[in-house]
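Here are the chains, one letter per residue:
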Amino acid sequence: MDYSQFGAMLPELIILGIFLVVFLFDTFSGERAKKALTPLTVILFGLGTVAIWLIPSCDMEVFGGMYVDSPACKAIKAILNIGVFIVFLQSAKWAESDEVAIRKGEFYELILVTLFGMYLMVSARHFLLFVIGLESASLPLAALVAFNKKHYESHEAAVKYILTAVFSSAVLLMGLSFVYAFSGGSLYFYDISRNIVSGEGSGLLAIALAFVIAGIGFKLSLVPFHLWTADVYQGAPTAITSYLSVISKGSAAFAFFVIFAQAFGTVYSDMWEWMMYAVIIATITVGNLFAIRQKNMKRFMAFSSISQAGYIMLGIFAGGIGLASMMYYILVYIVSNLAVFAVISAVENKTGKVGMDDYDGLHKTNPWLSFAMTLAMFSLAGIPPFAGFFSKILIFTSVTSTGSMALYMLVLIALINTIISLYYYLLVVKAIWIKPGEAKVEAFRSAAGERAALWICVAGIVFFGIVPYLYEYCVKAVEGGL
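None of the values given here were measured: they were computed from a predicted structure.

How each quantity is defined
- Residues numbered from 1 in each chain as written.
- Predicted model: local features only at pLDDT ≥ 70, side-chain atom pairs only at ≥ 80, totals over all residues.
- Heavy atoms only, no water.
- Axes fitted to C-alpha atoms, helices over the stretch in contact; angles between N-to-C directions.
- Helix = DSSP H or I, 4+ residues; strand = E, 2+ residues; numbered from the N terminus.
- Parallel < 35°, antiparallel > 145°, perpendicular 65-115°, else oblique.
- Left-handed = near helix turned anticlockwise from the far one by under 90°.
- Contact = heavy atoms within 4.5 Å.
- Nonpolar A, V, L, I, M, F, W, Y, C, P; charged D, E, K, R; others polar.
- 1 Å grid on protein atoms, 1.4 Å probe; cavity = no way out; pocket = protein on both sides within 12 Å on 5 of 7 lines; lining within 4 Å.
- Points joined across faces, edges and corners; volume = space filled by probe spheres on them.

Undergrad: In this structure, what is going on with the packing of helix α5 (residues 104-123) against helix α11 (residues 238-262)? I would like to understand it.
TA: To characterise two packed helices, one gives the angle between the axes of the helices and the distance between these axes. Where α5 meets α11, the axes come as close as 9 Å, and the angle between the chain directions of the two elements is 15°. Relative to α11, the element α5 is oriented roughly parallel. For the pair α5 and α11, the sense of crossing is right-handed. Residues F107, I111, T114, L115, M118, M121 and V122 of α5 form the contact with α11, whose participating residues are A239, I240, Y243, I247, S248, S251, A252, F254 and A255. Class assignment for the residues of the contact of α5 with α11 results in 13 nonpolar, 3 polar and no charged.

So, in structure tokens, the structure goes:
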């Protein structure tokens, strides 16, 4: 075996190195020294994130073509790292709380393991490696959802999540067994595509694709595979909910795009285009309509994330420029969504309140949190001049650039849904700034990590739309190779 091939896996090796340092420090350090575990993890991960941004891509295939290191893969890994870094910052106070402090090492270690699995999903060009990455990301998440082991809701959420993960994995593997049988006995993406083009496959490949879409659709919370999302988001600790809502969706969306583009492109364009139209329209619409009815902030953000997943998946229709728009949308979604969760986490850590009505008059006692929440809601709704407006414009433009009348109609429906989303996002803004009466949350000073996370998110919301560098970075990464 040529061990030099591992040199192409530098992002994965960096994450594994951080994991080993955190694990060894957590295992062998004394009680007093463990107080440094949180800052140690944040600093190491921050340095690792910078390294992944700066390390040039090898742009090569290793392990027989199962793993690919490409500019696009490196770019999405760096984007995911930004989200995880913000999650670590905003969860620092929660990790140091009396209930969690004794297990905070496990929290960081499980997050790092799931991120490693997502890295493998992103770089996989063979379904065996993809499934290994998928399960490496999914199984530790079940433990994270159940992290508040003394809370019944956390137990219930974990059971629902693990049952859903097992079922979706079974559906996906069923589809892959069809793919293996009817595409020449190979699980390489390029081999599957070549066999489809040459006509060596079977009509059962269409059924196989349906199973694959269903399996990955569960991970992305696409309708009708979304029913687990609200209960799991509500029951899981808020730090885990924020991680689930952005990081897992970003990696799964990128992997979905690669599978469509490289393995099933022909079947997709010939047979499944209209089905994907229906899935995306249903995802955006159902997410928006059900979000209007929610009074719990975490359930509210669950249906918001379902709708946002539909917008993200629009990029699959536009090829390379669609992928660049998708990556930029994921980056903007990370800072916007995590800003909301940073405020939710700060309020919950201080008061235990997570209801939307609890935010009535918040500006009277906590103007900074109110300001950050308002900017985040404006960005998620796509109100100019914030970053969410530009991310939506870019992904809509990339889809309509194909010139298909069906895609024009799809974008029109998405635009109408944006108006619906504007209504329910402004419900939160109304509660914070307009509703009469006394504030239900007293004035308090949020933790240093929460403030730092909010500063980063607010800066991203304001500047990502104004400064075009990061979108250009995504475009150059995609042009450099998928």
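Undergrad: So what exactly am I meant to see when it comes to the environment of L323 here?
TA: By the element assignment, L323 lies in helix α14 (residues 319-351). Distance in space between the C-alpha atoms of L323 and V475 is 8.3 Å, their sequence separation being 152 residues. In this structure L323 touches F254, F257, G315, V478 and L482, once residues within four positions along its chain are discounted.

Undergrad: It is not clear to me how empty space enclosed by the protein should be interpreted in this structure. Could you clarify?
TA: The gaps left among the atoms become clear once a water-sized probe is rolled over them. Following the criterion strictly, the structure yields 4 cavities of 30 Å³ or more and no others. Volume-wise, the largest cavity comes out at about 160 Å³. Along the wall of the largest cavity there are 17 residues; nearest its centre are S138, L141, Y161, K219 and S248. Broken down by secondary-structure element, the contributors of at least two residues to the lining of the largest cavity are α5, α6 (127-145), α7 (152-182), α9 (204-220) and α11. Residue composition of the lining of the largest cavity, by class: 11 nonpolar, 5 polar and 1 charged.

Undergrad: Help me understand the layout of surface pockets in this model?
TA: Volume-wise, the largest pocket comes out at about 370 Å³. Along its surface, the largest pocket is lined by 20 residues, and N148, H151, T238, K298 and E348 are the ones closest to its centre. At the level of elements, α10 (229-235), α11 and α14 are the ones that each hand at least two residues to the lining of the largest pocket. In terms of residue count, α14 provides more of the lining of the largest pocket than any other element does, 3 residues in total. Counted by class, the lining of the largest pocket contains 6 nonpolar, 10 polar and 4 charged residues.

Undergrad: What is the right way to look at the packing of helix α13 (residues 297-313) against helix α17 (residues 387-400) in this model?
TA: The N-to-C vectors of α13 and α17 enclose an angle of 45°; their axes lie 9 Å apart at closest approach. One element, α13, and the other, α17, form an angle in the oblique class. Two secondary-structure elements touch here, α13 through Q308, Y311 and I312 and α17 through K392, I395 and F396. Among the residues forming the contact of α13 with α17, the class breakdown is 4 nonpolar, 1 polar and 1 charged.

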